[in-house]
Amino acid sequence: MAASGAEDAELRRACAAAIGGAGSKQDIVLAIRVAKGRGILEKLGRVAKPRVLVLTTQNSSKGQRTKAFLRVLKYSSGGVLEPAKLYKLKHLAKVEVISNDPTGCTFILGFDNLRSQSVAPPQWTMRNIDDRNRLLLCILNMCKEMLGRLPKFIGIDIVEMALWAKENTPTVNNQVNTQDGPAASVMTQPDLKVTVEKDLVSQAEEEDMEALLGTYVMGIGEAEAFSERLKRELLALEAANVHALLESEPLIEEVLQGLEAASVCVDDMDEWLRIFNVKLRHMREDIESIESRNNKLEMQSVNNKALIDELDKLLECLRIPSEFAASLTGGSFDEARMLKNVEACEWLTGAICSLEVPNLDPCYAHMRAVKEKQAELEKLKNTFVRRASEFLRNYFSSLVDFMISDKSYFSQRGQLKRPDHADLRYKCRTYARLLQHLKSLDKNCLGPLRKAYCHSLNLLLRREAREFANELRASTKASRNPTGWLEVSTGSSQTANSADTSTVSDAYSKMLTIFIPLLVDESSFFAHFMCFEVPAFVPPGAPANGTKSESDGNDANDDDLSLMDFDGNNIKRNNSGELGTLNEALQDLLDGIQEDFYAVVDWAYKIDPLRCISMHGITERYLSGQKADAAGFVRKLLDDLESKISVQFGRFVDEACHQIERNERNIRQMGVLSYIPRFSTLATRMEQYILGQSRDLVDQAYTKLVSTMFATLEKIAQSDPKYADVVLLENYAAFQNSLYDLANVVPMLAKFYHQASEAYEQACTRHINIIIYMQFERLFQFARKIEDLMYTITPEEIPFQLGLSKMDLRKVLKSSLSGIDKSVNAMYRKLQKNLTSEELLPSLWDKCKKEFLEKYESFVQLVAKVYPNESIPSVTEMRDILASL
């Protein structure tokens, strides 16, 4: 906040220097220090900014009125005053003293030309009331004298300010010294001579009024005397008025005579005015009548002209051009006249639409001429639709009959012929626009046309597929592979030297490559040609499957058959309601062709059943390339082909399972069963045939075959319990050895590999335990008795039990370990005698020695607990004995 509210001469000089430095020629009226704030700053604890407010005037060089300004000066970093803001006093709208400040020293100057009225104006705080009053009185006098108006004062009374000015004007000094330094006002004595009396009364008038009031004794203190006095004065005034009236009687007579003469003139004028008013009223009525008749005539003229225009338009709609009538009733449908037929259809469609209520005014709908013309147009429409439908049915039939009669269109002996429908579609495209107009005229006429087209083209497609499939089978050379892969009587060399049958898969792939895109294109062409409102089958520029990379003239994308309206705009195919109707029509169009695909599948299965795997992958690849809403029959055909291939391959797997199960009938089979190594050969061949998505089919076959193999192996092993474990471990080992390489790359075979490994370990453990117990039965039975008693009594009490004394221990050790080398040799010979696979003997013998040492070690630990003073051969000695044998 500023240090003082009074300015000194030094402050005036500093202000003059700051203002003069800005290039201004203005006179300083008042300069005073203030503190600037915005209210919220003090609440946040921020210090108000010191400023200097300077009131200046400037005389115009052109003789205009003097301009008044309010300048705001701020202190620079060096303590020097510099201009900050400049306000014109003519824009000062209000002066408001802040009510929140109890001292009354804070006020707001509101200007009406500020750019942003949303920002609160700054608050100026003076040091005391005297400083505030000096500044505001100076602003008040300048606004009144120079601008001729006063701003709005809020929160302060102007009379109080005038009284303050009267009291403080004589006592103002040029300089006042305070403790804070010189803070004197630079207002001189003439500056403080405010002329408040112009707002109220002058000093002389005020003294005269006081003298008058002092000389006139009203006596208000005596109410009754004052009332009597007022009554006497009132009567005196009334008497004086009556006297004045009596004295002015001659004058009044003259006035009355003048009024009478004026009244006669007014009556005469009133009579004349009434006469003129009647005449004017009649003239007004005549004019209104004339205007009304004129308006009616003009309205009638306008209506007649509009009626004639409407009738001309209606007659134009009702007129049938002769050339269009000739084309619709008896014109030819040759290719050369199709343009005129299409134009006639467009006119007929537009004429029918123009006579319907949305396009025709409802007031014309019931006119006899309109109804007769509608009936005539309906008759024309029916005639044209009947003629066009009959022509198209005959045209489709003759076109297909011509192609069927020409054998060069089909595959022949020694030559596979790719079906080519480019010429057929070109000829049909000639009438595509006609079909679209037929649909707009009568939707019901498309049903018979679609059936006629489907029937004719179905004959052509079935003939092409049958000839192509027959020649494909005849030209494919492949020797038949055996079907008994896992048969008991089949030699291993027979399965190992299987012939190459890849040509069978290639033939099936060629069948799909040629005909699946053809069927998709025919379906798409049929949907567009026959005006089905369904989504497009194949995206623009995209083939129907992943293999078709070249154009053969049958691509549906080459057919410009997208539906167009009569303005040339594409019609969006968003109507999915016709999709079911389209699929029914496609069933009629392509039905019967699936038999030729089935014949190729059956032929391939007879040559090599394993080719079902590659054919399944090929079919799945084509199936994944078809969209769900595409040609429904083509997708159904692929689904049926995939199902048939799966069924055929399932027959092969079932037959292989029956071949495996027939091994149960053989009496006492020893060694590795025949189907174990043959399955490895079969699995290797199956893996070679996998294509695309056929992995699931092969994994299902593996699951069924291996499950049957393991179940049959268990049954064969149980037929002779004495050698069951030997049969199991030999066959499980052979299964692991034969499938080791495949199990590393095929997850399903890896699963069965681990299953066989677990079964092998279990069979080995059981067989080895039997051999060990045969030679050392007394030793380990003695150990088992000790273990059973340790659950109920302490180890120290066991030597005192019957049959478990130290003497009994010595007898058992002597009988079991006295000829340990012979017993071990007997175990080895027993193990060797039962095995038919010599390569398993070393690993089994190592397992046997390991198992024996583990059991003997547990026996030694029991003896050390129960018989601590008895000495028996240690585990190390026993390991050395086994190693030396």
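For the structure, check the block above.
Quick look at the structure, then. Every value quoted in this text rests on a predicted model; they were computed, and no experiment measured them.

On to the packing of helix α24 (residues 747-775) against helix α28 (residues 841-866). It is the contact of α24 with α28, at a shortest axis distance of 10 Å, that shows an interaxial angle of 60°. Seen from above, α24 lies across α28 with right-handed handedness. Each of Tyr760, Glu761, Cys764, Ile768, Asn769, Ile772 and Tyr773 in α24 lies in contact with α28, whose residues at this interface are Ser843, Leu844, Lys847, Cys848, Glu851, Phe852 and Lys855. The residue inventory of the contact of α24 with α28, partitioned by class, reads 8 nonpolar, 2 polar and 4 charged.

A word on the packing of aromatic side chains. Aromatic ring pairs are defined here through the distance separating the ring centres and the angle between the ring planes. Counted according to the given criterion, the structure contains 23 aromatic pairs. Note on Phe526 and Phe532: the rings are 5.6 Å apart at their centroids and 45° apart in plane angle, and the pair reads as tilted. Residues Phe526 and Phe532 agree in their burial class; the two are buried. Here Lys751 stacks its cationic end above the ring of Phe752, 5.7 Å away from the centre of that ring.

Now for the sheet that holds strand β6 (residues 106-111). Reading across from one edge, β4-β3-β2-β1-β7-β6-β5-β8 is the order of the 8 strands in this open sheet, with mixed pairing throughout. Strands with a single pairing partner mark the edges of an open sheet, and in this sheet they are β4 (81-88) and β8 (152-154). Each strand axis lies, on average, 30° off the axis of its neighbour in the sheet, ignoring direction. As defined by bridge partners, strand β1 (residues 27-37) adjoins strand β7 (residues 123-125) across 3 bridges and the pair is classed as antiparallel. Counted as the bridge partner of Ala35 is Thr125 from β7. Against the sheet, helix α3 (residues 129-147) contacts β1, β2 (49-58), β3 (67-75), β5 (92-97), β6 and β8, and its axis sits at roughly 25° relative to β2.

Relative to the helices and strands, Thr106 is located in strand β6. By relative accessible area, Thr106 is classed as buried at 7%. Only 2.6 Å separates the side chain of Thr106 from the side chain of Asp101, close enough to count as a polar contact. Non-local contacts of Thr106, meaning those with residues more than four positions away in its chain, are made with Val97, Ile98, Asp101, Gln123, Trp124 and Thr125.

The next thing to look at is a negative patch on the surface. Among the surface-exposed residues, Glu285, Asp286, Glu288 and Glu291 lie close enough to one another that they form a single negatively charged patch. The topology assignment puts Glu291 in helix α7 (residues 249-318).

Tracing the chain through its elements places Ile129 in helix α3. Judged by relative accessible area, Ile129 falls into the partly exposed class, the value being 31%. Between the C-alpha atoms of Ile129 and Thr106, which are 23 residues apart in sequence, the distance is 9.4 Å. In contact with Ile129, other than residues within four places in its own chain, are Thr103, Gly104 and Cys105.

Cut-offs and rules
- Residues numbered from 1 in each chain as written.
- Predicted model: local features only at pLDDT ≥ 70, side-chain atom pairs only at ≥ 80, totals over all residues.
- Heavy atoms only, no water.
- Axes fitted to C-alpha atoms, helices over the stretch in contact; angles between N-to-C directions.
- Helix = DSSP H or I, 4+ residues; strand = E, 2+ residues; numbered from the N terminus.
- Left-handed = near helix turned anticlockwise from the far one by under 90°.
- Contact = heavy atoms within 4.5 Å.
- Nonpolar A, V, L, I, M, F, W, Y, C, P; charged D, E, K, R; others polar.
- Phe/Tyr/Trp six-rings, centres within 6.5 Å; stacked < 30°, edge-to-face > 60°.
- Buried < 20%, exposed > 50% of the residue type's maximum accessible area, 1.4 Å probe, protein only.
- Lys NZ or Arg CZ within 6 Å of the ring centre and 35° of its normal.
- Pairing = 2+ DSSP bridges.
- Polar contact = N/O pair within 3.5 Å; in protein donor to acceptor, adjacent residues only side chain to side chain.
- Patch = residues over 30% accessible without salt bridge, like charges linked within 9 Å, V, L, I, M, F, W, Y side chains within 5 Å.
- Areas by Shrake-Rupley, 256 points an atom, 1.4 Å probe, with all protein chains shown as cover.
- Salt bridge = Lys/Arg side-chain N within 4 Å of Asp/Glu carboxyl O.
- Lys, Arg positive; Asp, Glu negative; His and termini not counted.
- Charge placed at Lys NZ, Arg CZ, Asp CG, Glu CD.

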